[in-house]
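Read off the chains here:
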Amino acid sequence: MIRTAVEPKPAEPAETKAEKKAEPAVEEPPKPEVERAEPAPPEPAPQPEAKEPESAAAEAEQPEPTEPAEPEAKKPSDEDVKALKKGLASTRGGFIARLAKVFGKKKEIDPALLDEIQEVLLTADIGVKTAEKILERLKERMDRNELSDEDRVWEALRSEARAILATRGRELDISKRPSVILVVGVNGVGKTTTIGKLASRYKESGKKVILAAGDTFRAAAVLQLEVWGRRVGCDVVKGKERADPASVIFDAIKKAKDESADLVIADTAGRLHTKTNLMEELKKVVRTAEKALERPVDEILLVLDSTTGQNAIQQAQLFKEAIPVSGIALTKLDGTAKGGVILGIVDEHDLPVHFVGIGERVEDLREFDAPTFVEALFAKPDDESVAA
C-alpha cells in the first residue's frame with residue numbers, strides 16, 4: 001500500500017554508494033575535457049533556449065490528454081474484476097440485473113428508457129442527487145445522439161460512475177512515525193474487524209503496529225481487538241472498563257513513540273443512540289490524539305455498512321460535521337443489493353473510498369480501485385443471468 005514502497009528504499013542507497021565508490025576515478029578524467037570543450041557549447045546554447053518556450057507551451061497542453069490516459073494505464077486485471085464480481089454478486093443480481101431487464105424490454109433507445117433507468121438507480125440506494133446527476137448526463141448524451149444502442153448506454157453508465165469515483169482516489173498517508181489512524185463509525189458497521197484486517201495488512205508489509213482499544217464502552221469490542229492483536233502479532237493498549245477512550249489512545253501513541261512503532265490504529269466508540277454524546281466524545285479523542293502527537297492526526301477513517309443503503313450517506317454527513325473525516329472504508333458489500341450507495345457517498349460528500357469489504361477473510365478487505373470496481377459492478381450481464 002502506501003508506505004510499503006518506503007522500505008525497499010534501503011536497497012537504493014546501497015547501490016548508489018557502490019556506484020559512488022567506483023565513479024570517482026572515472027569522473028576525474030572527464031572534468032578537464034568538459035572544461036576545455038566549454039567554449040564551443042555557448043553558440044548552440046541559445047538554440048535550445050529559443051526552443052524551450054515552444055516546448056513548454058506544448059507541454060502545458062499535454063497534461064490534458066495524459067490525464068485521461070492514466071486510468072487506461074491501470075487497466076483492471078481479469079482476476080481482480082472476477083473477484084469483485086463475486087463479492088458484488090448481490091448488487092449485480094439486483095440493481096444491475098434490473099438495468100439489464102430495462103434494456104431488454106426496449107429495442108429503441110428513447111427518453112422513456114431514461115425514466116426507467118432513473119427508477120432503477122433510485123431503488124439501488126444511489127441517492128436522489130446522484131441519480132439525477134447521472135440521468136442529466138445521460139440526457140445530454142442522448143441529445144448529442146451518442147446513445148444509439150444498448151452497449152453505448154452501458155458504457156455511458158460506466159463512464160459516469162468512473163467520473164464520480166476516480167477523481168476522489170487517494171492513498172492513506174502513513175509516512176510519519178508514528179502515524180495514527182483513528183477508525184470511527186457507529187456500532188455494528190465492522191470497525192473492529194476492519195482494524196484487525198488493516199493491522200494484518202500493515203504488519204505483513206513490515207510495519208510495527210500498535211492497536212488502541214478506544215471503544216471502552218463495549219467489553220466485546222476490547223476482547224475482539226485483543227483476539228486480532230494475538231492473531232496478527234500486535235500489541236493492544238487498553239484501559240479499564242468504561243475508561244476514558246481519549247486516555248487509552250493517548251497511552252497508545254505514547255507507547256508507539258517510546259518503542260519507535262510505525263503505526264497506531266485506534267478503535268473508537270460508536271453509540272448511535274446518543275449521537276450528541278458520541279460526537280463530543282470523538283472530538284475529544286481527536287484533540288487528545290493531536291496533543292499526544294503534537295501535530296494533526298494522519299487519517300480519520302470512517303467505516304460505513306453498505307447494507308444500510310442511504311442511511312450510510314446520512315451517517316457520513318453526521319461524522320463529517322463533527323470531525324475531519326479523511327476517507328471511507330465500505331464494508332459488507334458481499335451481503336447487500338445496495339452496493340450502488342458507494343456512488344452517493346462519494347458524490348455527495350467528496351470523500352475518497354480507501355477500502356471495500358467483500359468477505360470475511362483478511363484479503364477480502366480490498367484497496368479500492370475505481371476502474372476495477374466500476375468494471376466489475378457495471379459489467380453487462382449475459383443473457384442467462386438476466387433471464388434468471
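Residues numbered from 1 in each chain as written. Predicted model: local features only at pLDDT ≥ 70, side-chain atom pairs only at ≥ 80, totals over all residues. Heavy atoms only, no water.

**Digging into the overall build of the protein**
Cut-off, in case you're wondering: Comment: elements are numbered from the N terminus, with helices defined as DSSP H or I runs of at least four residues and strands as E runs of at least two. In what follows, residue pairs with any heavy atoms lying within 4.5 Å of each other are defined as contacts.
Per the secondary structure count, the protein includes 17 helices and eight strands. The contacts in the protein between residues at least 6 apart in sequence include a share of 78% that link residues at least 24 apart.

**Brief notes about the packing of helix α14 (residues 310-322) against helix α15 (residues 341-349)**
Condition: Interaxial angle, 0 to 180 degrees, is taken between N-to-C directions of lines fitted to C-alpha atoms, where a helix line uses only the stretch in contact. Orientation labels follow simple angle bins: below 35 degrees gives roughly parallel, above 145 gives roughly antiparallel, 65 to 115 gives roughly perpendicular, and whatever is left gives oblique. For a crossing to be left-handed, the near helix must be turned anticlockwise from the far one by less than a right angle; the clockwise case is right-handed. Amino acid classes used here: Ala, Val, Leu, Ile, Met, Phe, Trp, Tyr, Cys and Pro are nonpolar; Asp, Glu, Lys and Arg are charged; the rest, including Gly, are polar.
Where α14 meets α15, the axes come as close as 9 Å, and the angle between the chain directions of the two elements is 30°. When the axes of α14 and α15 are compared, the pair comes out roughly parallel. Considering how the two elements wind past one another, α14 and α15 form a crossing that is right-handed. Here Q310, A312, I313, A316, Q317 and K320 of α14 lie close against α15, whose contacting residues are V341, G344, I345, E348 and H349. Among the residues making up the contact of α14 with α15, the classes are represented as five nonpolar, four polar and two charged.

**Some points on helix α5 (residues 78-87)**
For clarity, the cut-off: Exposed residues in this analysis have more than 50% of their type's maximum accessible area, buried residues have under 20%, and partly exposed residues fall in between, with area computed by a 1.4 Å probe over protein chains only. Read the arc as the range of directions from the helix axis to the C-beta atoms.
Of the residues making up α5, those classed as buried are V81, L84 and G87. Viewed end-on, α5 has its buried residues packed into an arc of 125°, placing them on one side of the element. The exposed residues of α5 that point more than 90 degrees off its buried face are D78, E79, K82 and K86.

**Brief notes about the confidence of the model for the protein**
Convention followed: Here pLDDT means the predictor's own confidence in every residue, given as a number from 0 to 100.
Confidence in the prediction for the protein averages 79 pLDDT; 75% of positions are at 70 or higher. Within the protein, the element-level pLDDT minimum falls on helix α2 (residues 30-36), averaging 39, and the maximum on strand β2 (residues 209-212), averaging 98. Within the model, pLDDT remains below 50 along residues 1-73, and this stretch shows 18 contacts once partners closer than five positions in the same chain are excluded. Contacts from residues 383-388, a stretch scored under 50 in pLDDT, to residues over four places away or in other chains number three contacts.

**Quick look at α14**
Note the threshold: Here the expected span of a helix is defined as 1.5 Å times the quantity of residues minus one.
When the terminal C-alpha atoms of α14 are compared, their 19 Å separation across 13 residues agrees well with the 18 Å that a helix rising 1.5 Å per residue should span. When we look at burial in α14, the residues that qualify are A312, I313, Q315, A316, F319 and A322.

**Focus: the packing of α5 against helix α16 (residues 370-377)**
In a pair of packed helices, the angle between the axes and the distance between the axes together describe the arrangement. At a minimum axis distance of 8 Å, the contact between α5 and α16 shows a crossing angle of 55°. For the element pair α5 / α16, the angle class is oblique. For the pair α5 and α16, the sense of crossing is right-handed. Across the interface between the two elements, D80, V81, L84 and K85 from α5 touch T372, F373, E375 and A376 from α16. Among the residues making up the contact of α5 with α16, the classes are represented as four nonpolar, one polar and three charged.

**Some details on the sheet that holds strand β5 (residues 299-305)**
Short version of the rule: At least two DSSP bridges between two strands are needed for those strands to be called paired.
Spatial strand order, β3-β2-β4-β1-β5-β6-β7-β8: eight strands in an open sheet with mixed pairing. Each end of this open sheet is capped by a strand with a single partner; those strands are β3 (235-237) and β8 (365-367). On average, each strand axis in the sheet is inclined to that of its neighbour by 25°, with strand direction left out of account. Bridge count between β2 and strand β4 (residues 263-267): four bridges; the pairing is parallel. Across the sheet, V209 pairs through a bridge with L263, a residue of β4. Across the sheet, α15 touches β5, β6 (327-331) and β7 (353-357), and the angle it forms with β6 is around 170°.

**Description of the environment of D78**
Looking at the element boundaries, D78 is found in helix α5. A relative accessible area of 69% means that D78 is categorised as exposed. Separated by 294 residues in the primary sequence, D78 and T372 place their C-alpha atoms 9.1 Å from one another.

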